[in-house]
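Architecture at a glance
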Amino acid sequence: MAATPAWPPRSTPRLFIEGAISPGPLRIEGPAAHYLISVMRMKPGDPVKLFDDLTGEWLGVANTVNRRDIILDVTNHLRDREPVPDLWLCAAPLKKGRIDWMAEKACELGVARLVPVVTRRSVVERPKLDRLRTHMIEAAEQCDRTALPELAETVKLDTLLRDWPANRVLFFADETGGVPAAEAMAARKGPAAILIGPEGGFDDAEREAIRALPQAVGVGLGPRILRAETAAAAAVAIWMSAAGDW
C-alpha cells in the first residue's frame, strides 16, 4: 500500500505576511504575487505556507490565480511562533552586501534583536533598515523560521552604553584580548547581547567606555583575525551553543 504523501509537501513555498494572519481569504499582490505566480507557477489548489512573526505559521491554498494577484484560502494553523533566545546583536554598520549578510545570519542563527551601532570608525552611519529587514525576511522564508529579529533604530555607541539595561550582560569582541568567548558565555546565563565593532575596531576611548559599563565583558574570538561580519556570526554561534539552543 502506497504511503500517503505529506501535506503540505516539504517543497511548499513559504511567504512572510505583514500583520496577523487569520483563517479566511487572503489577497496577495505585488512582488509576492509575482513570485508565486510567475516563479513558482502556482495553480488553484496549490499550497503555500504563510508566517507573520506574530501568530506562527499557516497553510494557504490557492483559490484564484490572476495575472497580478492571487487569492489564498487560509485554512490550518500549522504551528505557533517559535521561542527565541534572549540575545541581541549590536554591531557597527558595514558596507552594503556585508551588512546584508550579517542581517541574514542574525535571523538564521536566532538573534532576538539587531541593533546597528555607530562608532567613531564606522564607515556607514545610516544603514537602510528597510533593506536589512527584507534580507531577514528572505532568510526566514528560506530557513523555515517563524520569527524575525526585531530591527532597532541605529544608535550611537555612547547612547547605547548610557541606556544599557541593568539586567543584560554585554559581551564585546575585544581585539586587544579578553576572556575566551566560550568560557565567558558559559559562565553568564540570562539576557545577553554581543557588541561587534567596525573593521578598524573600537578606538581606545570607546574601549575604555565599554569596559566601564558594569555589565560589559570583553571576549576573545580565537587566534585568527576575523572580519566584522564573521566575528558577529562566530560570537552568536558560540553564545547559542553555550545557552543550549543548538
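Look up a bit, the structure's there.
Residues take numbers from 1 onward in each chain, read along the sequence in its written order. This being a predicted model, a pLDDT of at least 70 is required before a residue's local features are given, and a value of 80 or more before pairs of side-chain atoms are given or counted; all residues contribute to the totals for chains, interfaces and linings. Calculated side-chain values reflect all of the structure's heavy atoms, with hydrogen atoms and water omitted.

Stacked, tilted and edge-to-face pairs are distinguished by plane angle, under 30 degrees for stacked and over 60 for edge-to-face with tilted covering the rest, among Phe, Tyr and Trp rings (Trp via its six-membered ring) whose centres lie within 6.5 Å. Applying the stated criterion across every chain, the model contains 3 aromatic pairs. Centre to centre, the rings of tryptophan 88 and tryptophan 164 are 5.6 Å apart; their planes meet at 75°, and the pair counts as edge-to-face. Taken together, the positions of tryptophan 88 in strand E6 (residues 87-91) and tryptophan 164 in the loop between helix H4 (157-162) and strand E10 (169-173) put the pair 76 residues apart, joining distant regions of the chain. Here the two residues tryptophan 88 and tryptophan 164 agree in accessibility, since each one is buried. The rule is short: NZ of Lys or CZ of Arg within 6 Å of the ring centre and within 35 degrees of the ring normal puts a charge over the ring. Stacked on the ring of tryptophan 88, the Lys or Arg arginine 113 has its end atom at 4.7 Å from the ring centre. Secondary structure follows DSSP: runs of H or I at least 4 residues long count as helices, runs of E at least 2 residues long count as strands, and numbering of each begins at the N terminus. Burial classes follow relative accessibility: with a 1.4 Å probe on protein chains only, a residue under 20% of its type's maximum area counts as buried, one over 50% as exposed, and anything between as partly exposed.

A separate point is helix H1 (residues 30-39). Burial in H1 covers these residues: Ala33, Leu36 and Ile37. Down the axis of H1, the smallest arc covering the buried residues is 90°, so these residues share one side. In H1, those exposed residues whose orientation departs by more than 90 degrees from the buried face are Pro31 and Val39. When checking whether two residues touch, look at their non-hydrogen atoms; a contact exists if any pair is within 4.5 Å. Looking at the buried side of H1, the elements it contacts are strand E1 (14-16), strand E2 (24-28), strand E3 (47-51), strand E4 (57-65) and strand E5 (70-79). Throughout, the arc means the angular range of directions from the helix axis out to the C-beta atoms.

In this section: the environment of tryptophan 164. A relative accessible area of 9% means that tryptophan 164 is categorised as buried. Distance in space between the C-alpha atoms of tryptophan 164 and arginine 121 is 21 Å, their sequence separation being 43 residues. In this view, tryptophan 164 contacts Trp88, Cys90, Val169, Leu170, Ala193, Leu213 and Gln215; residues no more than four positions away in its chain are not counted. Polar contact is the term for a pair of N or O atoms within 3.5 Å; when the atoms are in protein, one must be able to donate a hydrogen and the other to accept it, and sequence-neighboring residues count only if both atoms are side-chain atoms. A distance of 2.7 Å separates the side chain of tryptophan 164 from the backbone oxygen of arginine 168, its partner in a polar contact.

Here the focus is the pattern of salt bridges. Oppositely charged side chains can form a pair if their charged atoms are brought close together. Should a side-chain nitrogen of Lys or Arg be within 4 Å of a carboxyl oxygen of Asp or Glu, the pair is scored as a salt bridge. All chains considered together, the criterion is met by 25 salt bridges. Arginine 227 is the partner of glutamate 229 in a salt bridge, and the nearest nitrogen-oxygen pair spans 3.8 Å. Look at glutamate 229 and you get buried, because its relative accessible area is 8%. One network of salt bridges, in which partners are shared, links Asp174, Glu175, Asp204, Arg207, Glu208 and Arg211.

Right, let's get into the sheet that holds E4. Two strands qualify as a pair provided that DSSP identifies no fewer than 2 bridges between them. The strand order across the open sheet formed by 5 strands is E1-E3-E4-E5-E2, and the pairing between neighbours is mixed. Only two strands of the sheet have a single neighbouring strand rather than two, namely E1 and E2. Sheet twist, expressed as the mean angle between neighbouring strand axes with direction ignored, is 40°. In this analysis, axes come from line fits to C-alpha atoms, helices being fitted only over the stretch in contact, and the angle between any two N-to-C directions falls in the range 0 to 180 degrees. Strand contacts of H1: E1, E2, E3, E4 and E5, with the helix running at about 95° to E2, the strand carrying the most contacts. With respect to the sheet, helix H3 (residues 129-142) is in contact with E1 and E3, its orientation differing from that of E1 by roughly 150°.

Formed by 40 residues in total, the largest nonpolar core has its most connected members in Leu87, Leu89, Phe171, Ile194, Ile196, Val236 and Trp239. Of all the elements in the fold, those that place two or more residues in this core are E6, helix H2 (98-109), H3, E10, helix H5 (181-187), strand E12 (192-196), strand E13 (216-220) and helix H7 (228-243). With 8 residues, H7 is the single largest residue contributor to this core. Ignoring sequence-local partners within four residues, the contact set of leucine 89 consists of Met102, Ala106, Val111, Arg113, Leu114, Val115, Ile194, Ile196, Ala232 and Val236. Core analysis: the next-biggest nonpolar cluster, separate from the first, contains 18 residues, Trp88, Trp164, Ala193 and Leu213 among them. In this text, buried Ala, Val, Leu, Ile, Met, Phe, Trp, Tyr and Cys residues form a nonpolar core when linked through side-chain atoms within 4.5 Å.

We now examine the side chain of threonine 154. Tracing the backbone through its elements, the reader meets threonine 154 in the loop between strand E8 (150-151) and strand E9 (155-156). When sequence neighbours within four positions are dropped, the list of residues in contact with threonine 154 reads Pro116, Val118, Glu125, Arg126, Pro127 and Leu129.

For helix H6 (residues 204-211), the set of buried residues is Glu206, Arg207 and Ile210. The buried side chains of H6 occupy one side of the element, clustering within an arc of 100° when seen end-on. Residues of H6 that are buried make contact with H4, E10, E12 and E13. Between the side-chain oxygen of the N-cap and the backbone nitrogen of alanine 205 there are 3.2 Å, and the N-cap of H6 in question is aspartate 203.

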